[in-house]
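Single-letter residue listing:
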Amino acid sequence: MSSMPDDGQIAAKRVRLSREQRQRQLLDVAWRLAREEGTDALTLPRMAEEAGVTKPVIYDHFGTRNGLLTALYQDFDAQQTAVIDAALEAREPTLEGTARVIASSYVECVLVQGREIPGVLAGLAGSPELEAVKRDYQLVFIEKCRKALAPFTGQKGILQSGFWAMLGAADALSHAAATGEITVEQAQAELYEVIVAMVARSRG
């Protein structure tokens, strides 16, 4: 007699992923593809092939290539938020400790994704999807920093323009570290100085 399992046994062993689990699987596949081949490889048909699912599954989750890239950016920001929140929770409650945590966490989060995030941003350049999502996350991050730094600022607080300048510096320094133009330590130290100087100006 054959010992091969019948179709019923195979079906019983097959585990059906929830929508959230499938989304996580697809995002992990997308990150791997972006890391190994660059974001140009992130087409929906290629994603279906790499993930071992049908094309309709990919289209159902992301709709378009821009939808996929936007989902990757959202995934990156969710991870970044979790890391920074945990670091702020455990920080030394001083200006130096707070500035150091913001600077080091931001740079480290970008470096985790290496060259993938710049590629995702380049792929979405000019798209309304990115602009809306990115601005939402930027404003959340600014308010997080404002709250963390509030005990050390002057009566009027830090101007919104100061936070946008800090964010621009954080992005530029992180990406320069990711491409090897400067070291991680240089990026973190420079961003730390930017934050401390921003707080000092608020006291003037």
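Residues numbered from 1 in each chain as written. Predicted model: local features only at pLDDT ≥ 70, side-chain atom pairs only at ≥ 80, totals over all residues. Heavy atoms only, no water.

Digging into the pattern of salt bridges
At step 1: One pass over the structure, following the stated rule, counts 9 salt bridges.
At step 2: In this structure, Arg32 and Glu36 form a salt bridge, with 3.4 Å as the shortest nitrogen-oxygen distance. Note that Arg32 and Glu36 are positioned in helix 2 (residues 19-37) at a spacing of 4 residues, about one turn of the helix.
At step 3: Its relative accessible area of 48% is what places Glu36 among the partly exposed residues.
At step 4: Each of Arg32, Glu36, Glu37, Arg46 and Glu50 takes part in salt bridges that share partners, so that together they form one network. (Salt bridge = Lys/Arg side-chain N within 4 Å of Asp/Glu carboxyl O. Helix = DSSP H or I, 4+ residues; strand = E, 2+ residues; numbered from the N terminus. Buried < 20%, exposed > 50% of the residue type's maximum accessible area, 1.4 Å probe, protein only.)

Some points on the confidence of the model for the chain
At step 1: Mean pLDDT over the chain works out to 86, with 91% of the residues at or above the 70 mark.
At step 2: The lowest-confidence element of the chain is helix 1 (residues 7-13), averaging 41 in pLDDT; the highest-confidence one is helix 10 (residues 184-202), averaging 97.
At step 3: For the stretch residues 1-5, pLDDT sits under 50, and the model shows 2 contacts to residues farther than four places along the chain or on other chains.
At step 4: Counted against residues more than four places away or in other chains, residues 7-14, with its pLDDT under 50, gives 2 contacts. (pLDDT = per-residue confidence, 0-100. Contact = heavy atoms within 4.5 Å.)

Re the packing of aromatic side chains
At step 1: What the rule picks out here adds up to 3 aromatic pairs.
At step 2: Ring geometry for Tyr73 and Phe76: centres 6.5 Å apart, planes at 50°, overall tilted. With Tyr73 and Phe76 both in helix 5 (residues 65-89) and 3 residues apart, this pair spans about one turn of that helix. Pair check on accessibility: Tyr73 and Phe76 agree, each one buried.
At step 3: For the ring pair Tyr73 and Tyr137, a centre distance of 6.4 Å and an interplane angle of 75° mean the geometry is edge-to-face. (Phe/Tyr/Trp six-rings, centres within 6.5 Å; stacked < 30°, edge-to-face > 60°.)

Notes on helix 9 (residues 160-178)
At step 1: With 19 residues, helix 9 should cover 27 Å at 1.5 Å per step; its first-to-last C-alpha distance of 27 Å lies within 8% of that length.
At step 2: Every buried residue belonging to helix 9 is among Gly162, Phe163, Met166, Leu167, Ala169, Ala170, Asp171, Leu173, Ser174, Ala176 and Ala177, and all of these are buried.
At step 3: Among the structural elements, helix 6 (95-112), helix 8 (128-149) and helix 10 are those in contact with the buried residues of helix 9.
At step 4: A positive phi of about 85° marks Gly180, the residue just after helix 9. (Expected span 1.5 Å × (residues − 1).)

Observations regarding helix 6
At step 1: The terminal C-alpha atoms of helix 6, which comprises 18 residues, lie 26 Å apart, in line with the 26 Å expected from a rise of 1.5 Å per residue.
At step 2: For helix 6, the buried fraction is high: 13 of the 18 residues fall into the buried class.

Some remarks on the nonpolar core
At step 1: Formed by 57 residues in total, the largest nonpolar core has its most connected members in Leu42, Met47, Leu149, Leu191 and Ile195.
At step 2: Look past the residues within four positions of Ile195 in its chain and what remains in contact with it is Ala99, Ile102, Ala103, Leu149 and Met166. (Core = buried A, V, L, I, M, F, W, Y, C linked by side-chain atoms within 4.5 Å.)

Description of the side chain of Gln138
At step 1: Take Gln138: it is sitting in helix 8.
At step 2: According to the relative accessible area criterion, Gln138 is buried, its value standing at 16%.
At step 3: Non-local contacts of Gln138, meaning those with residues more than four positions away in its chain, are made with Trp164 and Leu167.

A few points about the side chain of Ser174
At step 1: Within the fold, Ser174 resides in helix 9.
At step 2: For Ser174, a relative accessible area of 0% gives the class buried.
At step 3: Those residues within four positions of Ser174 in sequence are excluded, and the remaining contacts are Tyr106, Val107, Val110 and Leu111.

Examining the packing of helix 6 against helix 10
At step 1: It is at 8 Å that the axes of helix 6 and helix 10 come closest, and there the two elements cross at 140°. Considering the angle they form, helix 6 stands oblique to helix 10. Crossing angle aside, the handedness with which helix 6 passes helix 10 is right-handed. Contact with helix 6, carried on its side by Leu95, Glu96, Ala99, Arg100, Ile102, Ala103, Ser104, Tyr106, Val107, Glu108 and Leu111, involves Val184, Ala187, Gln188, Leu191, Tyr192, Ile195, Val196 and Val199 of helix 10 and no other residues of that element.
At step 2: Split by residue class, the contact of helix 6 with helix 10 holds 14 nonpolar, 2 polar and 3 charged. (Axes fitted to C-alpha atoms, helices over the stretch in contact; angles between N-to-C directions. Parallel < 35°, antiparallel > 145°, perpendicular 65-115°, else oblique. Left-handed = near helix turned anticlockwise from the far one by under 90°. Nonpolar A, V, L, I, M, F, W, Y, C, P; charged D, E, K, R; others polar.)

A look at the packing of helix 5 against helix 8
At step 1: In contact at an axis separation of 10 Å, helix 5 and helix 8 are set at 5° when each is read in the N-to-C sense. Taken together, the axis directions place helix 5 and helix 8 in an arrangement best described as roughly parallel. Touching Asn66, Thr70, Tyr73, Gln74, Asp77, Thr81, Ile84, Asp85 and Leu88 of helix 5 are Glu129, Leu130, Val133, Lys134, Tyr137, Phe141, Lys144 and Ala148, all from helix 8.
At step 2: The residue inventory of the contact of helix 5 with helix 8, partitioned by class, reads 8 nonpolar, 4 polar and 5 charged.

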